[in-house]
Amino acid sequence: MYAQLVETGQKNLRQREDMSPEERAFQDRVDADIKIEAKDWMPDAYRKTLIRQIQQHAHSEIVGMLPEGNWIGRAPSLQRKAILMAKVQDEGGHGLYLYGAAETLGVSRDQMVADLHAGNSKYSSIFNYPTLTWADIGAIGWLVDGAAIMNQIPLCRCSYGPYARAMVRICKEESFHQRQGYDIMLKLCAGTPEQKAMAQDALNRWWWPSLMMFGPPDADSVHSAQSAQWKIKLLSNDELRQRFVDQTVPQADHLGIAMPDPDLRWNADGGRYDFGAIDWTEFHSVLKGNGPCNRERLAARVKAWDDGAWVRDAAVAHAAKCAARAVRAAA
Ligand code: FAQ
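Now for a description of the structure that goes with this document. Since the structure is predicted, the reported quantities are computational estimates derived from the model, not experimental observations. (Residues numbered from 1 in each chain as written. Predicted model: local features only at pLDDT ≥ 70, side-chain atom pairs only at ≥ 80, totals over all residues. Heavy atoms only, no water.)

## Brief notes about the overall build of the protein
Broken down by element type, the protein carries 13 helices and two strands. For the protein, the C-alpha radius of gyration of 22 Å lies close to 20 Å, the compact-globule estimate for 331 residues. Looking at the 331 residues of the protein, the share that counts as buried comes to 48%. Total accessible area on the protein stands at roughly 16,100 Å², and carbon and sulfur atoms take up 56% of it. Charged side chains in the protein number 39 positive and 41 negative. The centres of these two groups are separated by 6 Å. (Helix = DSSP H or I, 4+ residues; strand = E, 2+ residues; numbered from the N terminus. Rg over C-alpha atoms; globule rule 2.2 N^0.38 Å. Buried < 20%, exposed > 50% of the residue type's maximum accessible area, 1.4 Å probe, protein only. Areas by Shrake-Rupley, 256 points an atom, 1.4 Å probe, with all protein chains shown as cover. Lys, Arg positive; Asp, Glu negative; His and termini not counted. Charge placed at Lys NZ, Arg CZ, Asp CG, Glu CD.)

## Some details on the packing of helix α6 (residues 134-152) against helix α8 (residues 193-212)
In the contact formed by α6 and α8, the axes pass within 9 Å of each other and the chain directions differ by 35°. At the point where α6 passes α8, the crossing takes the right-handed sense. Across from W134, A135, D136, A139, I140, W142, L143, V144 and A147 in α6, the residues of α8 making contact are M198, A199, A202, L203, R205, W206, W207 and S210. Of the residues contributing to the contact of α6 with α8, the split by class is 14 nonpolar, one polar and two charged. (Axes fitted to C-alpha atoms, helices over the stretch in contact; angles between N-to-C directions. Left-handed = near helix turned anticlockwise from the far one by under 90°. Contact = heavy atoms within 4.5 Å. Nonpolar A, V, L, I, M, F, W, Y, C, P; charged D, E, K, R; others polar.)

## Brief notes about the side chain of S236
Residue position: S236 is located in the loop between α9 (224-229) and α10 (237-255). A distance of 2.6 Å separates a polar atom in the side chain of S236 from a polar atom in the side chain of D218. (Polar contact = N/O pair within 3.5 Å; in protein donor to acceptor, adjacent residues only side chain to side chain.)

## Some thoughts on the nonpolar core
Membership of the largest hydrophobic core comes to 49 residues, with the highest contact counts inside it found for W134, W142, L143, W206, W207, F244 and I257. Among the secondary structure elements, those contributing two or more residues to this core are α4 (78-103), α6, α7 (161-189), α8, α10 and α11 (280-290). Counting residues per element, this core draws most heavily on α6, at 10 residues. If we skip the residues at most four places from it in the chain, F244 touches L143, G146, A147, M150, W207, S210, L211 and F214. By size, the runner-up hydrophobic cluster in this structure holds 28 residues, among which are F26, L98, Y160 and C171. (Core = buried A, V, L, I, M, F, W, Y, C linked by side-chain atoms within 4.5 Å.)

## Some words on the site of the ligand
Neighbouring residues of the ligand: 35 residues in total, closest Q56, K122, S221, H223 and K233. Side-chain polar atom of N151 to an oxygen atom of the ligand: 3.0 Å apart, as the coordinates give it. Between an oxygen atom of the ligand and a side-chain N or O atom of H223, the distance comes to 2.6 Å. Burial of the ligand by the surrounding chains reaches 91%, relative to a free accessible area of 1,100 Å². (Near = heavy atom within 4 Å.)

Quick look at the structure:
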């Protein structure tokens, strides 16, 4: 039954007997894996949850262009530059599909952008860390895109049709991104001792923030139980984090670099890696705006928006001119 999909410790979900007939019919559709579409009736809280999550996701893609965009001019070869440009453009495209999916729920893109710029809507904590060396671009592709895919594959099956369909294409592209990042790491790890040290340093700095991307532990996750009931979340934050660790540790072994976690151990009985404690104080501090790059990231987005005002104005003026011309032609 729906409420048992994710065990989050939060038990105060609405039971069938407390639901209105519309809510019951809605939950039955969700339970039967029938997609909810934009014009279907949905509880207000379902709409609000999706708007919150999808817009945060869209902002993450757009803000996520900044740390890597920073390296386009410094990529070590023409081929690496072309690949990185394509990847950063893909992230921009993901943001646009996601803003489009959120718009189907009745929120405007201008409103979402205003919420981001005013600090009223979050974006992923991971993009508040700096990219110090070329190896960071490898680590982002390998770890950040790897974590993003782990979280997003289940979203391709989520209950809201427009979000689920957007995620299918996004996941295909993220998988290319992950491979290009791992390829950078492979080359660095097979290179000079200095290059390998750079790869190790990038892993040291990106590993823990990547684990934080999955969100707070299930017991502290305020939205998980309700999102699981609505099949927005099909796997919990901790389940996804564990899968990511299990997938990524052998990849680090193959690279010949060490995870920065002295407590990391293979647990043969559990068939998984046990890992050390995550510093949730750091996570909450980043969420409050005090990460290494929060202010810089937001300032860059606000500046890009302000600098692009003339393009938006020109597009509106052009559309008005075309419309006036069409009216004149029809008269
Ligand atoms: N960062 O109750 P929960 C990418 C917030 S895309 C910031 O567990 P929920 C592609 C959460 O919003 C990466 N805030 O929340 C790329 C909530 O705050 P609120 C983004 C976080 O929603 C790669 C509060 O904590 N992916 O990387 C984070 O059920 C490379 C309580 O948490 C998505 O957005 C965090 N890490 O679960 C681009 C995927 N974690 O809203 C460029 C879709 C939690 O009440 C380069 N989103 N919070 O103020 C999701 O799956 C979910 O929203 C979770 C959080 C799992 C992120």
